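Topology and contacts: notes
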Amino acid sequence: MKLALPAFLNLKRLEGRIVAPFLALLAVVQLASWFITDANIKNSTELTVQAELQTGQRMFEHLLVQDAQQRTALLRQLENNHGIRDVLADAGSMSREEFAETLVSALDSKNRTLLKAGLIAYADSNAQVIAATAPEAQDFAALLPRLQTAMTQASEGKAPAWQTNLALVKGRAYQLVAVPVHAAGLGGWLLMAVDLQDEPLRELQDLSQLHGVILRRDQAQAAWQPLGSVLDIQHTVAVAQQMQDKPEGDSRPFGLQIGAEEMRGLYLPLLKEGSQELVVVLLRSFDKAFLSFGLLRQTLAWLTLLGVAAFALGSVLTARRISEPISKLADSVERLGRGDYDTPVAPIKGAEEVSNLARAFEAMRQGIHQRDTSLNDLAFKDQLTELPNRAGFGLLVSNALERAGAANSAAVLTLGLDRFKHVNDVQGHEFGDLLLRKVAKRLQALLPGPEDALARLSGDEFALLLRGANESSALALADAIRRDFENPLQIQDQTVDLSAGIGIALAPQHGREAKLLLARATLAMFDAKKRQSGSMVYSAKLDVGSQESLSLLGELRHAVEAGELRLYLQPKVDLARGRILSAEALVRWQHPERGLVPPLHFIPFAEQSGFIRKLTTWVIAASLRAWSQARAQGVDLRISVNLSTRDLLDQDLPGKIMSMLATQGASSQALCLEITESAIMDDPQRALSTLEQLSALGFKLSIDDFGTGYSSLAYLKTLPVDELKIDKSFVLAMENDLGDAKIVHSTIELAHNLGLSVVAEGVETAKAWKILAALGCDEGQGYFIAKPMPENQFLDWLRGWQAPDLSSESADTVLGGLS
């Protein structure tokens, strides 16, 4: 069982929200004070440790000087001993053992210990050893001249006294002292060398809390070698390793991590002979020094906790005095939270602020109650037609499916108006809104039953719900809508023809969820509009088609990048003179697995997906390369390139084409740009703007497939075009169909009257050529002349091509019918 928190600790309660900020503020202040004080303690600890290290440095120097003085006094005691003088006189004939025993016997017990700690030798004035207690004495005797010089500099204050007696011999650090022998007839020097090891460091440790390590290295950047230490081997090695990163000559205290302990170190150079260096590192534990302030830190911690506790108690008492009257409003607020906006909030007696709060809740209840109805309308109703919107329709479908259960059926129909965008752009949005309202009324009148529903999903899309419907009843409604739409609408003295694509999805066959049914009905609607079939029932193949489209888009992108596209050219001939003047550029896809993919399999998809712009760019670039190759071989050839709707809507298109022309050194006369009527009519204003820019740049513009679109002759006059291409469907049939021949004849005359040249597509017989030439058609294009061919074969074909002999062909029958 979960325990409930006290009110002052529960942040969901008013007490908690009053207490928590004050406690949090106090905690922040106290913690800030704690951290600032702690930082000051650490800073004081740093200063204390630094002072201890600097004091330790002076103590270490003093210990070195003291040790040197003691050893010098020992040598003077030996030199003043008359017995020793006799020994020195005969020292050359003594063995090392005899010499050492004689020296020891001449000293008291204290000085005997000092004697045993080091090497003693007697050397002549030329620093040659006469007698010694150890065989390596000559190495130290050789240092006597340097020692004399150092002692002189120390006496003159030019060098520190503690540094005078230090020497490095065979990788070890020694303290070297010497006194002259003044006995008559003797002369020379008594000298003593003591291995430093850790003796002065231990003396320093006994006097302070400092540790030390003596280090040596043979040259700069070489590893430090420990010679003496009061630490264990592992920690001594750690100090030597961390000293590698210490900048040379930097005598400031620095931090080290020795095991788990944080320490501070002071670097003290002792001696530098050539490339050899001798240093001592004095160490002080920072952690132990910091702990010495422990009592102060504990006191501060207790004061902080007591302050927080006292402030918390006061905050809780204050919060309760404020929250208790407000808690009386809890029942009323809970009712409002449950959506009960009908029961008034009871007035509360007490503090004026609480009474005002109760009145504010009541005003809020009334306002929410009024706006709740409005919000529902906004969320689930289309404001233009007052029909359910997409969200509202989804609820209607979900409720219908729940009530129907698994046994009963339902149908969802989505309807998309054709050319609504064009009407909206040309006539204006107000006209478009009126059209949508009238369409909504007509659809509402066609609903079969009172439980069926109509909704507006977006823009020009509507949806219908038929409860208990099957496929036949859904198709019957779709057919009724189609027949009703055959009657045009009258809006503001304008006649508007209606047509639409309708998609149908059935429950439970195509899904049991509103979203799924709506999505599948929409998919069927798009397919119906694509096929211009009026209505379409959803099938699983449509989803497969969507997946194939995604796959095709990816493959098409790869085709452009991998060079799988091929440029084909189909020649266009001057029908009167029998000369090849130009060619039309066509694209083919050489798929690595599917082989040569026909344009109809990918061009429409590229137009729908927007990828057609990439294809157009590729075709223009490839055509200009073909033009450049033809020009290099003395062939003057204009190449026609097709532009799609999306190309015309691209305001940057003229600049892009001019940039590609510049790359090949070509002018605008190298290209003829062909545009279909439907491409212009999709967005006339933007298309016209692009065409005017292209015309101003000098491009020849051609209307492709003329006669199959929706344009009017009046609109054609406003277009800056230079050429019409008669659709091949008329040309192919004109030899046998007088009606098509009349259309071809009228189109040629119309174009010439408007100052346009004419190109006929579908010239597949000699007779067609002769008829077209007789009618005044300027150019022809078709299989009779040549099929589209790869660009690399075109120039060879052109060199060998000759105009056919048409003398045996007669066009009188057709021409006679036109006169």
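What counts as what
Residues numbered from 1 in each chain as written. Predicted model: local features only at pLDDT ≥ 70, side-chain atom pairs only at ≥ 80, totals over all residues. Heavy atoms only, no water. Helix = DSSP H or I, 4+ residues; strand = E, 2+ residues; numbered from the N terminus. Buried < 20%, exposed > 50% of the residue type's maximum accessible area, 1.4 Å probe, protein only. Contact = heavy atoms within 4.5 Å. Areas by Shrake-Rupley, 256 points an atom, 1.4 Å probe, with all protein chains shown as cover. Polar contact = N/O pair within 3.5 Å; in protein donor to acceptor, adjacent residues only side chain to side chain. Expected span 1.5 Å × (residues − 1). Arc of directions from axis to C-beta. Core = buried A, V, L, I, M, F, W, Y, C linked by side-chain atoms within 4.5 Å. Pairing = 2+ DSSP bridges. Axes fitted to C-alpha atoms, helices over the stretch in contact; angles between N-to-C directions. pLDDT = per-residue confidence, 0-100. Phe/Tyr/Trp six-rings, centres within 6.5 Å; stacked < 30°, edge-to-face > 60°. Lys NZ or Arg CZ within 6 Å of the ring centre and 35° of its normal. Right-handed = clockwise from strand over helix to strand, strands pointing away. Lys, Arg positive; Asp, Glu negative; His and termini not counted. Salt bridge = Lys/Arg side-chain N within 4 Å of Asp/Glu carboxyl O. Parallel < 35°, antiparallel > 145°, perpendicular 65-115°, else oblique. Nonpolar A, V, L, I, M, F, W, Y, C, P; charged D, E, K, R; others polar.

1. So, the overall build of the protein
Check the secondary structure of the protein and you find 30 helices and 27 strands. Within the span of the protein, comprising 819 residues, buried residues form 43% of the whole. Nonlocal contacts in the protein, meaning residues at least 24 apart in sequence, comprise 64% of its contacts between residues at least 6 apart. Total accessible area on the protein is roughly 42100 Å²; 52% of this is exposed by carbon and sulfur atoms.

2. Some points on the side chain of E761
Locating E761 in the fold gives a position in strand 25 (residues 757-761). One polar contact links E761 to K725, side chain to side chain, over a distance of 3.3 Å. In this structure, E761 is in contact with E584, D704, D705, K725, I726, D727, K728, V731 and Q781, ignoring residues within four places of it in sequence.

3. A short note on helix 27 (residues 738-753)
Taking 1.5 Å per residue, 16 residues should reach 22 Å; helix 27 reaches 22 Å between its end C-alpha atoms and fits that length. Those residues of helix 27 that sit buried are D740, A741, V744, H745, T747, I748 and A751. End-on, the buried residues of helix 27 take up no more than an arc of 160 degrees, which puts them together on one face. Within two residues after helix 27, G755 carries a phi angle of roughly 80 degrees, on the positive side.

4. Examining unusual backbone geometry
Each neighbour pair has its own omega, and for A507 with P508 the value is 10 degrees, a cis peptide bond. Following the sequence through the fold, P508 ends up in the loop between strand 16 (500-507) and helix 17 (514-531). Residue Q221 is not a glycine yet carries a positive backbone phi of 75 degrees. Structurally, Q221 is set in the loop between strand 6 (211-217) and strand 7 (225-229). Since its relative accessible area comes to 70%, Q221 is described here as exposed.

5. Digging into the nonpolar core
Counting 84 residues, the largest nonpolar core has I657, L671, L673 and L772 as its most contacted members. Among the elements that take part in this core, helix 20 (residues 612-632) stands out by supplying 10 residues, more than any other. Excluding residues that lie within four positions of it along the chain, L671 makes contacts with I620, S623, L624, R638, I639, V641, I657, L661, F699 and K700.

6. What to know about the pairing of strand 24 (residues 723-726)
Of the two faces of strand 24, the one holding E723 and K725 and the one holding L724 and I726 are both buried throughout. Note: strand 23 (residues 700-706) against strand 24, three bridges, orientation parallel. By the bridge assignment, S702 is partnered in strand 24 with E723. Bridging between strand 24 and strand 25 involves four bridges; their strand directions are parallel. Looking at strand 25, one finds that L724 is bridged to V758.

7. Quick notes on the sheet that holds strand 10 (residues 276-285)
By way of backbone hydrogen bonds, the strands of a sheet pair with one another, either parallel or antiparallel. What the five strands build is an open sheet, ordered 7-6-10-9-8; its pairing is antiparallel. Edge positions in the sheet fall to strand 7 and strand 8 (254-258), since each has one partner strand and no second. Averaged over all adjacent pairs, the angle separating strand axes in this sheet is 35 degrees, with direction ignored. With 10 bridges connecting them, strand 9 (residues 261-273) and strand 10 associate as antiparallel partners. If you follow L271 over to strand 10, its bridge partner there is L278. Running at roughly 155 degrees to strand 6, helix 7 (residues 199-207) makes contact with strand 6, strand 7 and strand 10 of the sheet.

8. Some points on the confidence of the model for the protein
Counting all residues, the mean pLDDT for the protein is 82, and 86% of those residues have values of 70 or more. Here helix 4 (residues 109-116) is the element of the protein with the lowest mean pLDDT, 54, and strand 26 (residues 779-781) is the one with the highest, 96.

9. Thoughts on the packing of aromatic side chains
Summed over all chains, the structure comprises six aromatic pairs. Ring geometry for F140 against Y174: centres 4.7 Å apart, planes inclined by 75 degrees, an arrangement best described as edge-to-face. Here Y174 lies in strand 4 (residues 172-180) and F140 lies in helix 5 (residues 137-141), a separation of 34 residues in the sequence. Y174 gets classed as buried once you look at its relative accessible area, which sits at 15%. On the numbers, 5.8 Å between centres and 35 degrees between planes, the contact of W797 with W801 is tilted. In textbook terms, an aromatic cluster arises when at least three aromatic residues are bridged by ring pairs, as seen for F794, W797 and W801. We note R264 situated over the ring of F286; from NZ or CZ to the ring centre the distance is 4.2 Å. In this arrangement the basic side chain of R588 is found over the ring face of Y568, its NZ or CZ atom lying 5.3 Å from the centre.

10. Observations concerning the environment of V397
You can see V397 is positioned in helix 13 (residues 390-404). Judged by relative accessible area, which is 3%, V397 ranks as buried. The sequence separation of V397 and L466 amounts to 69 residues, and the corresponding C-alpha distance is 9.3 Å. Residue contacts for V397: discarding those within four places in its chain leaves V412, L465, A514 and L517.

11. Considerations on the pairing of strand 25
Among the five residues in strand 25, four count as buried, and that is most of the element. Note: strand 25 against strand 26, three bridges, orientation parallel. Across the sheet, the residue bridging to E761 is Q781, located in strand 26. You can see the chain leave strand 25, run along helix 28 (residues 766-774) and come back into strand 26, and the turn it takes is right-handed.

12. Points about the sheet that holds strand 5 (residues 189-195)
Read across the open sheet, the five strands follow the order 2-1-5-4-3; overall the sheet is antiparallel. Each edge of the sheet is formed by a strand with only one pairing partner; in this case those strands are strand 2 (129-132) and strand 3 (166-169). On average, each strand axis in the sheet is tilted by 35 degrees relative to the strand beside it, whichever way the strands run. Pairing geometry for strand 1 (residues 119-123) and strand 2, over three bridges, is antiparallel. What sits directly across from A121, in strand 2, is A132. Sheet contacts for helix 6 (residues 144-155): strand 1, strand 3, strand 4 and strand 5; angle to strand 4, the most-contacted strand, approximately 75 degrees.

13. Examining the side chain of D647
For D647, the location among the structural elements is in helix 21 (residues 645-648). Buried within the structure, D647 lacks any salt-bridge partner; R613 is the closest side chain of opposite charge, at an N-O distance of 5.1 Å. Engagement of the side chain of D647 in a polar contact is seen with the side chain of T616, the distance being 2.6 Å. Leave out the neighbours within four places in its chain, and D647 touches I612, R613, T616 and L653.

14. A word on the packing of helix 22 (residues 653-664) against helix 24 (residues 684-696)
For the pair helix 22 and helix 24, interaxial distance at closest approach is 9 Å and the crossing angle is 30 degrees. Comparing their axes, helix 24 and helix 22 come out roughly parallel. Residues L653, P654 and I657 of helix 22 touch helix 24, and the partners they reach there are T690, Q693 and L694. Residues of the contact of helix 22 with helix 24, tallied by class, amount to four nonpolar, two polar and no charged.

15. Some points on the pattern of salt bridges
On inspection of all chains with the given rule, the structure shows 26 salt bridges. Ionic pairing is found between R456 and D382, a salt bridge with its closest N-O pair at 3.0 Å. In this pair, R456 is assigned in strand 12 (residues 453-458) and D382 in the loop between helix 12 (352-380) and helix 13, connecting sequence segments 74 residues apart. Across the pair D796 and R799 runs a salt bridge whose closest N-O atoms are separated by 2.8 Å. Placement of both D796 and R799 in helix 29 (residues 791-800) is noted, with a separation of three residues, approximately one turn of the helix. Taken as a pair, D796 and R799 share a single burial class, namely exposed. Beyond isolated ion pairs, a larger network of salt bridges with shared partners links K572, E584, E674, K700, E723, K725 and E761.

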